[in-house]
Amino acid sequence: MAMFRRLIAALVIGGTAVLLLVMAWPQLFGAQRLGGVVQLVSLRGLAIAVALALVVVLLLLALIIRRFRPLAASLTVLLLAFAAVSGAVLGTRGFGPGDSIDPSQRAADAVTVMAWNTLGPATEAADVASLALEVEADVVVLPETREEDAIEAALLMREAGQPMWVLSSAYDRISPARSTSMLISVSLGEYRFDPDARTTAVLPTVVATPLDGEGPTLVAVHAVAPIQGQMDNWRSDLEFLAELCSGDDIIMAGDFNSTIDHFSGLGSLGSRAQADPRAAAARLGDCSDAAALAGAGAVGTWPTWVPAPFGAPIDHVMATAMWQVDGFRVIDDRDATGSDHRPVVAVLSPAA
């Protein structure tokens with residue numbers, strides 16, 4: 001019986017060690033886009049909290065059950081190691097609020113990009129316009145926003161002195177999740193998009209190019225969520241977005257339904273990645289994540305009912321090396337407006 005208990009304990013310890021190692025660093029096994037692992041690694045902050053809570057439970061059980069103490073000690077060491085490694089990973093990405101996005105301090109040639117998954121009509125157009133005006137956004141990316149709602153927000157911005165072009169794509173009129181809209185300041189020139197061009201499989205992504213050829217290609221992203229039945233489409237979406245961000249002058253923003261863990265293996269090794277380890281770890285194609293570069297890459301954007309340090313950072317602003325990040329922030333004072341996503345704002349300027 002004692003030998004059987006030792007065997008069971010060894011299996012529990014070994015299995016726990018493997019599971020925690022995969023959760024802490026799935027890239028080591030090439031498992032960052034495998035079903036199950038994808039979901040677990042998305043919420044690193046929450047996983048750390050759960051691990052520490054389990055440590056407390058194990059210590060209490062060890063005080064009560066004498067025979068359980070050796071197993072509890074081993075599992076406690078594993079959980080503390082997992083929490084330390086995961087905390088270090090998040091620490092390198094940054095829990096900070098990011099740099100200032102004070103519009104009065106931005107460079108004359110800077111572009112302010114805002115992205116907010118509005119959850120359809122859950123977020124009112126007035127709330128979108130209010131935030132966009134507050135941060136003086138030049139580009140507003142709105143996944144799950146129908147064209148009429150985007151137009152309403154644009155009209156409100158025009159009345160406030162900030163006229164915007166409206167581009168919108170919808171796969172159907174049944175669900176607002178099947179619509180993606182983008183507002184572009186007229187000061188950037190006129191933009192167009194090809195509604196027949198290849199895009200993400202389940203939810204639309206809008207690729208806008210300047211009519212006069214002057215200015216960045218702007219991409220409003222909405223990748224499908226990695227849920228049961230959509231895993232292949234999710235992986236395909238990320239591969240497509242990596243291909244899409246291939247060039248010199250590209251800005252992408254929106255709901256990627258992915259953290260930078262999931263981007264691993266899909267980024268090119270450009271000059272920025274070679275110069276900045278944060279960029280190397282947070283790349284998709286030729287694009288780098290603005291949040292990671294600004295020291296806010298671990299701040300959760302979804303869901304809003306979870307405190308930001310414990311949430312999943314799945315909403316991004318990304319850009320090629322032609323753009324430097326002057327400021328980035330996850331906006332956490334709009335959690336009561338209706339959406340389950342927090343908006344993100346980045347200030348980009350041409351790299352020197």
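Anything mentioned here points back to the structure above.
Residues numbered from 1 in each chain as written. Predicted model: local features only at pLDDT ≥ 70, side-chain atom pairs only at ≥ 80, totals over all residues. Heavy atoms only, no water.

Structural notes on the sheet that holds strand S12 (residues 323-330)
Backbone-to-backbone hydrogen bonds pair the strands of a sheet. The strands run either parallel or antiparallel. Just so we agree on the cut-off: Any two strands with at least two DSSP bridges between them are considered paired. Helix numbers and strand numbers start at the N terminus; a helix is a DSSP run of H or I with at least 4 residues, a strand a run of E with at least 2. Throughout, an axis means a line fitted to C-alpha atoms (over the contacting stretch in the case of helices), and angles, computed between N-to-C directions, take values from 0 to 180 degrees. Whether two residues touch is decided by their heavy atoms; if any such pair falls within 4.5 Å, the residues are in contact.
The six strands are arranged S3-S4-S2-S1-S13-S12 in an open sheet whose pairing can be described as mixed. Looking along the sheet, the strands with just one partner apiece sit at the ends: strand S3 (164-170) and S12. Pairwise comparison of adjacent strand axes, ignoring direction, gives a mean angle of 15° for this sheet. Where S12 and strand S13 (residues 344-350) come together, seven bridges link them in antiparallel fashion. Each residue of the ladder has a partner; that of Val330, found in S13, is Val344. The strands touched by helix H5 (residues 125-135) are strand S1 (111-115), strand S2 (139-143) and S13; relative to S1, the strand with the most contacts, the crossing angle is about 155°.

Observations concerning the environment of Leu155
To be explicit about the condition: For each residue, the accessible area found with a 1.4 Å probe, counting protein chains only, is set against the maximum for its type, and the residue is called buried under 20%, exposed over 50%, and partly exposed in between.
Position of Leu155 among the secondary structure elements: in helix H6 (residues 147-159). Overall, Leu155 belongs to the partly exposed group, its relative accessible area being 38%. Leu155 sits 17 residues away from Asp172 along the chain, and the two C-alpha atoms are 24 Å apart.

Looking at the pairing of S13
Along S13, six of the seven residues are buried, which leaves the element largely enclosed by surrounding structure. One ladder, built from five bridges, connects S1 with S13; its direction is antiparallel. Bridge pairing in S13 links Thr112 to Val347.

Some thoughts on the packing of aromatic side chains
The following threshold applies: In summary, the pairing rule links any two rings of Phe, Tyr or Trp, Trp by its six-membered ring, whose centres are within 6.5 Å, and it sorts them by plane angle into stacked for under 30 degrees, edge-to-face for over 60 and tilted for everything else.
All told, the structure shown has one aromatic pair when counted by the stated rule. Ring geometry for Phe256 and Phe263: centres 6.0 Å apart, planes at 65°, overall edge-to-face.

Considerations on the packing of H5 against H6
Note the cut-off: For classification, angles of less than 35 degrees are called roughly parallel, those exceeding 145 degrees roughly antiparallel, those between 65 and 115 degrees roughly perpendicular, and all remaining angles oblique. A crossing counts as left-handed when the near helix is turned anticlockwise from the far one by less than a right angle, and as right-handed when that turn is clockwise. Note that Gly is not counted as nonpolar here; it falls among the polar residues with everything else outside the nonpolar set of Ala, Val, Leu, Ile, Met, Phe, Trp, Tyr, Cys and Pro and the charged set of Asp, Glu, Lys and Arg.
In the contact formed by H5 and H6, the axes pass within 8 Å of each other and the chain directions differ by 45°. One finds that H5 runs oblique with respect to H6. Between H5 and H6 lies a crossing of right-handed hand. Mapping the contact onto sequence places Ala125, Ala126, Val128, Ala129, Ala132 and Leu133 in H5 and Asp149, Glu152, Ala153, Leu156 and Met157 in H6. Considered class by class, the residues forming the contact of H5 with H6 number nine nonpolar, no polar and two charged.

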